[in-house]
Each structure stands twice: as structure tokens, then as C-alpha cells.
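Structure at a glance
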Amino acid sequence: MRTLREGSRGPAVQLLQLALNRAGAGDLALDGRFGPATRAALTAFQEEMGLRPDGVAGALSHRALMPWYTGYLTHRVQRGDSFWSVARRYGAKPEAVLAANPALAPDSLPLGAELTVPLPFSVVPTQIDCFAELVGFCVQGLAARYPALHSGSIGRSALGRPLRSLRMGRGANRVLYNAEHHANEWITTPVLLRFAEELGRAAAEGGTLLGTPAAEILDYADIALIPAVNPDGMDLVTGELREGRAWEEARRMAERYPQFSFPRGWKANLRGIDLNLQYPALWETARENKFALGIVSPAPGDYVGSAPLEAPESRALYDYTREFDPALTLSLHTQGEVIYWKFLDLEVPGAEEIAALFSDLSGYAAEETPYASGFAGYKDWYIRQYRRPGFTLELGRGVNPLPTRDFEGIYERVRGILVLGALVT
Ligand SMILES: [Zn+2]
């Protein structure tokens, strides 16, 4: 986390405010503006933790806040500790502590052992804007709290950030869900992270999703989630990146293409390549279509790049998909409340029927992809390459980026698709 002080702004400040609230140091509005109230709450937190109370969030304060960024802390077992006393000390649910530490016997804790303690709130925040570091905190926290979830990364972005992944389940039915190819569609990222948390928690507590026991889902399927394909673009759109060379270059690209608002209209990666126009599925046709519209150089959106798979983000997802070899893929975008299930006239056995089931669960319309956007996308490549069911889901309605207040409504509509997607093939 960057150093935050009075006058700082952006989603990192929102996360700081949320973390201070979670830690009981404040009751702050999550407005992303570091003012006197945030300073007072941070100072109180610093005093409580024995840090210098300067009201500036530097490296030491961020380290102390880490449990409230990630949703867990690590407790080293001391004489007299029991599962119950440790849970009580941190306000954690004893069942959650048990679930997070499956290898330890609750009535004989070895001295010095490290206990993962889930704190009493959900890991994934959905009321604040998303940014790359927050995705990392969520993936780390989810994997620590829920043993069914495993974190990893599939490569690096243009600016060198890790492309995070979560994997859950031990079944033979492999499915891959990805989100946020497009920067200003970042609300799709917390959708996948929330799904991971819901499934992980249900597995830990013996719960169900859509009437199906989580344990059954995880026995049947092996689910790979790539929650943020375009972390650099996400930071640009949400204002976490607001100065420096990469930001300047992006602003210059946007000046050449004023039809995109800056930065809210940004879709591409930070090299100005549209990551969902990068896959080898009639890429040349996509180039002709977009060049005809005047998008002939790096741009905030719709630039196909100089060759397929030139962008490291698309390349990483392509390589990972080939290695993982999924039976079904879902690609989350916004907006329109539509399910696309076809590539040109290729008929994949079962795809239309699955799209109809998804449509019933969500109320979204199952449609054929419009010709102008029907080339070089991830789904297009996946269907063409594998002849297996691949879907693009256009979540929500409105103008991108959709606001966080739309999150709950969107999630309610699509969670059924996310569950069924793991079971239907
Ligand atoms: Zn999109």
C-alpha cells in the first residue's frame, strides 16, 4: 500500500477507512477522502498498536492493519491457549477457527504452532471500489480462511502486477471463470471473489449453494477463477493510479480518442490494447472492423494490438486455459443483462440448452453475439478451439463503470449461473 495521509484520495483510502472501521477504531464514511476524521481514527489505531501516532499510514501502519485488509491474523499458540480462548480474544467464531486450521486438534494445541484466526467479517468488501492490491489481499485472505481455496497467479500484467487466481474443488469437471478483461467493468471482480467466499464458507460450515451441498460441488468440480484479467486498467479507472509515467501515457492515448471519457471510459490494458480483442479467433477480421471505426493505434478501448496475444494479460489467460483444459468457461463483462453463447455459426453441443438454463436462473436474455463484437474475444477463441460451451455474461445495466450500489443486485442475479456452471457439464 502506498503511504496515505491527509489529502490522499482513492480506493486505497476507502480500504484504509474500511479497515479502521473493522478494527473498531472508527465509524468512517467510505468516501475515499482522507480528511480529519480518517486521521483521528488512524491516530487512535496507531496508539492502540503502540505505533507512533502521526496520523500517516506508512509501511508500519499498513503492516499493523493487514489483518483488517485480509480478514485474518496468525496467532502463535502460547501456554494456556485453547481454540476457544483464542477465538474469544479476537472476536472470531470458534467454528471458523476450526475450519481454517483443519490439521490441528482443538483440544491439544501444540505450543508455538501458528493458528489462522478468521476475523468476524467477510473478506471481500463490495461497498468500495476495487484495485489491484485489494484483489491480492482478498485472494490471500480467502485462501488462508478457507482451506478449500488455493491461491496462485497465472502471469503478470503489462505493469508487472501478478494476475491472481483462485482454485477450488477436487473433481474432474474443470471450469474456468474469468472477470474484468475490460478495465471499466471491474465490478465483475468482486462478483467472482464473493462467489469464492460463499463457496469456501459453505464448504467450511457444511452449507449449501442453490440447494446443492458445497461439499458436493467441490467433489464434482475443479473451479479456476481469474478475478482480474486487467489489474492495471482497474487501478486507472478507479483512481488508484492517478499520476506517473504510465498514467501520463494513458492520458495521451485518451487525448487521441476523445470518444472515450478519461479515465472512466478506459477498457484496455495500460499499453492501450483491448485484451478481449487479442485471441486467435479471426483476429484479422476484428482488426478490419475496428480499423474501419478509426481505432488504429493504442487507445482506451477497441484497439486489437499489432498481433494476437501480444498483451501479456491475454497471453497468460490463453496459456493457462490450454494447460487447465476446462470443460466450460464463463467470461464476466458489463453491461446489458445478456448471455452470449455462440461464435459465428459454430454449434457446440449443449451450449444453447445451458444458455437457456442460465437465462432461467438469472432473467438475463440468451442472445447471439452481435457481428461487430464477434471476433478475437476469449469466448470466441475458446469455442472455436475446443468446441465446448463458453459464455460471455454481460452483467447489470447502466453506464460502465457500474457503481458499487449495483453490486448486490447483480450478484443475486448471477450467483445461480456461477453455481450451475460448475455442475452442468
Ligand atoms: Zn467487456
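The following refers to the structure shown. One numbering rule holds for all chains: residues counted from 1, following each sequence as written. This being a predicted model, a pLDDT of at least 70 is required before a residue's local features are given, and a value of 80 or more before pairs of side-chain atoms are given or counted; all residues contribute to the totals for chains, interfaces and linings.

**Things to note about the environment of G301**
The line we're drawing: Runs of E in the DSSP output that reach at least two residues are strands. Runs of H or I that reach at least four are helices, and both are numbered from the N terminus. Here the contact rule is simple: place C-beta atoms from the backbone, and any two residues whose C-beta atoms are within 7 Å are in contact.
Its place among the elements puts G301 in the loop between α11 (283-292) and α12 (312-324). Along the chain, G301 and A268 lie 33 residues apart, while their C-alpha atoms are 5.0 Å from each other. Contacts of G301, omitting those with residues within four sequence positions, involve F260, K267, A268 and D274.

**Some words on the pairing of strand β8 (residues 221-226)**
For the record, the criterion: With C-beta atoms placed from the backbone, a residue is labelled by how many other C-beta atoms lie within 10 Å of its own: buried for 20 or more, exposed for 12 or fewer, partly exposed between the two. Strands pair, by our definition, only if DSSP identifies at least two bridges between them.
Among the 6 residues in β8, 6 count as buried, and that is most of the element. Neither face of β8 is open: one carries A221, I223 and L225, the other D222, A224 and I226, and all of them are buried. In the sheet, strand β5 (residues 173-179) pairs with β8 via 6 bridges, with the strands oriented parallel. Its bridge partner being in β8, Y177 is matched across the sheet by L225.

**Quick look at the packing of helix α7 (residues 188-205) against helix α15 (residues 407-421)**
Rule in force here: Fitting a line to C-alpha atoms yields each axis, with helices limited to the stretch in contact; the angle taken between N-to-C directions then spans 0 to 180 degrees. Roughly parallel refers to an angle under 35 degrees, roughly antiparallel to one over 145, roughly perpendicular to one between 65 and 115, and oblique to any angle outside these ranges. In this scheme the crossing of two helices becomes right-handed for a clockwise turn of the near helix relative to the far one and left-handed for an anticlockwise turn of less than a right angle. As a working rule, the residues Ala, Val, Leu, Ile, Met, Phe, Trp, Tyr, Cys and Pro are called nonpolar, Asp, Glu, Lys and Arg charged, and the rest polar, with Gly in that last group.
Orientation of α7 relative to α15, taken along the N-to-C sense of each, is 60°, at an axis distance of 10 Å. Classified by the interaxial angle, the pair formed by α7 and α15 is oblique. You can see that α7 and α15 cross each other, and the crossing is right-handed. Residues P190, V191, R194 and F195 of α7 touch α15, and the partners they reach there are F407, I410, Y411, V414, R415 and L418. Class assignment for the residues of the contact of α7 with α15 results in 8 nonpolar, no polar and 2 charged.

**Comments concerning the nonpolar core**
What counts here: Nonpolar cores are built from buried Ala, Val, Leu, Ile, Met, Phe, Trp, Tyr and Cys residues. These are joined into a set through C-beta atoms within 7 Å.
Of all hydrophobic cores here, the largest spans 134 residues; its most connected members are C138, L142, V191, L192, A196, L199 and I339. In this structure, C138 is in contact with V123, V124 and L193, ignoring residues within four places of it in sequence.

**Looking at unusual backbone geometry**
Residue P263 is bonded to the preceding F262 through a cis peptide linkage, with omega at 0°. If you trace the backbone, P263 turns up in the loop between α10 (245-256) and α11. Of note, the amide linkage connecting N400 to P401 takes the cis form, showing an omega dihedral of -5°. Examined against the element boundaries, P401 turns out to sit in the loop between β12 (390-395) and α15. The backbone of L210 shows a phi angle near 55°, a positive value even though the residue is not glycine. Positionally, L210 belongs in the loop between β6 (208-209) and β7 (212-213). The exposure class assigned to L210 is exposed, which follows from the 12 C-beta atoms found within 10 Å. Positive phi, normally seen in glycine, also occurs at D325, with a value near 60°. Take D325: there are 10 C-beta atoms within 10 Å of it, and that puts it in the exposed class.

Function-wise, these values are silent; they only describe arrangement.
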